[in-house]
Amino acid sequence: MAFSNVRIVLVYSLALTTQITCASPHTFSIDYQNDCFLKDGEPFRYISGSIHYSRIPQIYWKDRLLKMYMAGLNTIQTYIPWNFHEPAPNHYNFSGDRDLEHFLHLAQEVGLLVILRPGPYICAEWDMGGLPAWLLNKKDIVLRSSDADYIAAVYKWMGKLLPMIKPFLYQNGGPIITVQVGMCLQPLLLRDMLSLMGLWLILSSTLAGLTTGGDTILLCPLQLWQSLSMKSWQWEPTLICK
């Protein structure tokens, strides 16, 4: 496969083991020696399917989640479209069909774990990949890069979103075992490498502050792929917040 087609998917595993004593015993980690995930200390394999809450009326959420559970899934993955929740600058909407917290509650109620994919760019065949059109009001903005205006907007959005999802992390008693940040980057394009750096800056200053304590570690993506016996050119930097 040509290197130009290599995709970078930036994945941050939020709900992994903690080095301090917590009220909740929940842990989710990677056992590199035995090539498996560990859920509460036991080998675990997730069987996941996608569901886009933003494309389904809230009244049908539980029905769809139950059907996924009955089909044999133990985990769901879902995107969070930024422009679905912030249609105008500083005007946030998390009510009704946009009630993300209610959706996460329902998933846990049904018995499903969650892989959350909040972007900021999600692709997902969604308008602008989830990026708000109002970003383009700044004439010279460069989306998905280290552009100062873009990074500032992403930082503000994540500052709103991440505290909302903190209670739903698995280590906090919620259903979220992993959060993926970023989508479809080309590693040999300077623009996308700068975007990756920008996402890292946001992560290190915002997301890491949501952990229960301990260190924040950026793992080599090849270690993850090789340890799980997976052969792919996909590059997945994984941040484990301990």
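If you're wondering where the values come from, they're calculated on a predicted model, not measured in any experiment.

Caption draft 1: Inspection of the overall build of the protein chain at higher detail. In terms of regular secondary structure, the protein chain is built from six helices and 10 strands. Counting contacts in the protein chain only where the partners sit at least 6 residues apart, residues at least 24 apart contribute 74% of the total. For the protein chain, the accessible area works out to roughly 11700 Å², and carbon and sulfur atoms hold 56% of it.

Caption draft 2: Inspection of the pairing of strand β2 (residues 28-31) at higher detail. Burial along β2 is two-sided: the residues Phe28 and Ile30 and Ser29 and Asp31 are all buried. Sheet topology note: the β2/strand β3 (residues 36-39) ladder contains four bridges and is antiparallel. The partner of phenylalanine 28 across the bridge, within β3, is lysine 39. Turn length for the β2-β3 hairpin, with the two strands adjacent in sequence and antiparallel, is four residues, and the turn residue aspartate 35 shows positive phi of about 55°.

Caption draft 3: Structural context of the pairing of strand β6 (residues 75-79). Within β6, five of the five residues are buried, leaving the element largely enclosed by the surrounding structure. Pairing geometry for strand β5 (residues 48-50) and β6, over three bridges, is parallel. Its bridge partner being in β6, serine 50 is matched across the sheet by glutamine 77. Taken together, β5, helix α1 (residues 61-70) and β6 form a β-α-β motif whose crossover is right-handed.

Caption draft 4: Inspection of the pattern of salt bridges at higher detail. Applying the stated criterion across every chain yields a total of three salt bridges. Glutamate 109 serves as the salt-bridge partner of lysine 62, at 2.5 Å between the closest nitrogen and oxygen. Here lysine 62, found in helix α1, pairs with glutamate 109, found in helix α3 (residues 100-110); they are 47 residues apart in sequence, far enough to count as distant. For glutamate 109, a relative accessible area of 52% gives the class exposed. In this structure, the salt-bridge partner of lysine 67 is aspartate 63, at a minimum N-O distance of 3.2 Å.

Caption draft 5: Region of interest: the confidence of the model for the protein chain. When pLDDT is averaged along the protein chain, the result is 75, and 64% of the positions lie at 70 or above. Low pLDDT, under 50, characterises residues 207-242; the predicted model gives this stretch 94 contacts beyond four residues in sequence or across chains.

Caption draft 6: Layout of the sheet that holds β3. If you trace the three strands from one edge of the open sheet to the other, you get β2-β3-β4, paired in antiparallel fashion. Across the chains shown, the open sheet's two edge strands, defined by having one partner strand only, are β2 and β4 (42-44). The mean angle between the axes of side-by-side strands here comes to 45°, regardless of whether they run parallel or antiparallel.

What counts, and at which threshold
- Residues numbered from 1 in each chain as written.
- Predicted model: local features only at pLDDT ≥ 70, side-chain atom pairs only at ≥ 80, totals over all residues.
- Heavy atoms only, no water.
- Helix = DSSP H or I, 4+ residues; strand = E, 2+ residues; numbered from the N terminus.
- Contact = heavy atoms within 4.5 Å.
- Areas by Shrake-Rupley, 256 points an atom, 1.4 Å probe, with all protein chains shown as cover.
- Buried < 20%, exposed > 50% of the residue type's maximum accessible area, 1.4 Å probe, protein only.
- Pairing = 2+ DSSP bridges.
- Right-handed = clockwise from strand over helix to strand, strands pointing away.
- Salt bridge = Lys/Arg side-chain N within 4 Å of Asp/Glu carboxyl O.
- pLDDT = per-residue confidence, 0-100.
- Axes fitted to C-alpha atoms, helices over the stretch in contact; angles between N-to-C directions.

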